[in-house]
Amino acid sequence: KFDVIIDTSPRNSDVGLFMGMLKCNGVYVRVGIPLGSDMNFCYDYIPLIFTQKKIAGSIVTGTRRMKRMLQMTTDELESYGNEAEEWNSKIVNFDQVNDVMDDLLNGRNTNNWRYVLVW
């Protein structure tokens, strides 16, 4: 079970599936807005009350702020990542998400991989 789940999917998702993966007092965060034709949101509030889970959201920042953030990152890039270990990542197909979670939960992530799930 997770403390926080950040959903950045461009599609409206079944929130119930995510809420079931949260611990008590967990937070589901939706970042970004799905297409206008897919904007409906529905979830039963009773489980929220008894498990004290939370649903939060944030829109993606505007273009000007995004450009500024990327520029700041570029300006500072030389001071980060000088050690190869800082950039360890492993690209995994999304259908292997259960294996990844099993590795993380059982401490088998000895390479300190940052897993990147791809569809």
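No experiment lies behind these values; they were computed from the predicted model shown.

A. Structural detail: the pairing of strand S2 (residues 22–31). Bridging between strand S1 (residues 2–7) and S2 involves 5 bridges; their strand directions are parallel. Across the sheet, the residue bridging to Asp7 is Arg30, located in S2. Pairing of S2 with strand S3 (residues 54–58) involves 5 bridges; the strand directions are parallel. Looking at S3, one finds that Val29 is bridged to Ala56.

B. Examining the environment of Gly16 more closely. Along the chain, Gly16 turns up in helix H1 (residues 15–19). On the accessibility criterion, Gly16 (32% relative accessible area) is partly exposed. Residues Gly16 and Cys42, 26 residues apart in the sequence, show an inter-C-alpha distance of 9.1 Å.

Parameters and conventions
Residues numbered from 1 in each chain as written. Predicted model: local features only at pLDDT ≥ 70, side-chain atom pairs only at ≥ 80, totals over all residues. Heavy atoms only, no water. Pairing = 2+ DSSP bridges. Helix = DSSP H or I, 4+ residues; strand = E, 2+ residues; numbered from the N terminus. Buried < 20%, exposed > 50% of the residue type's maximum accessible area, 1.4 Å probe, protein only.

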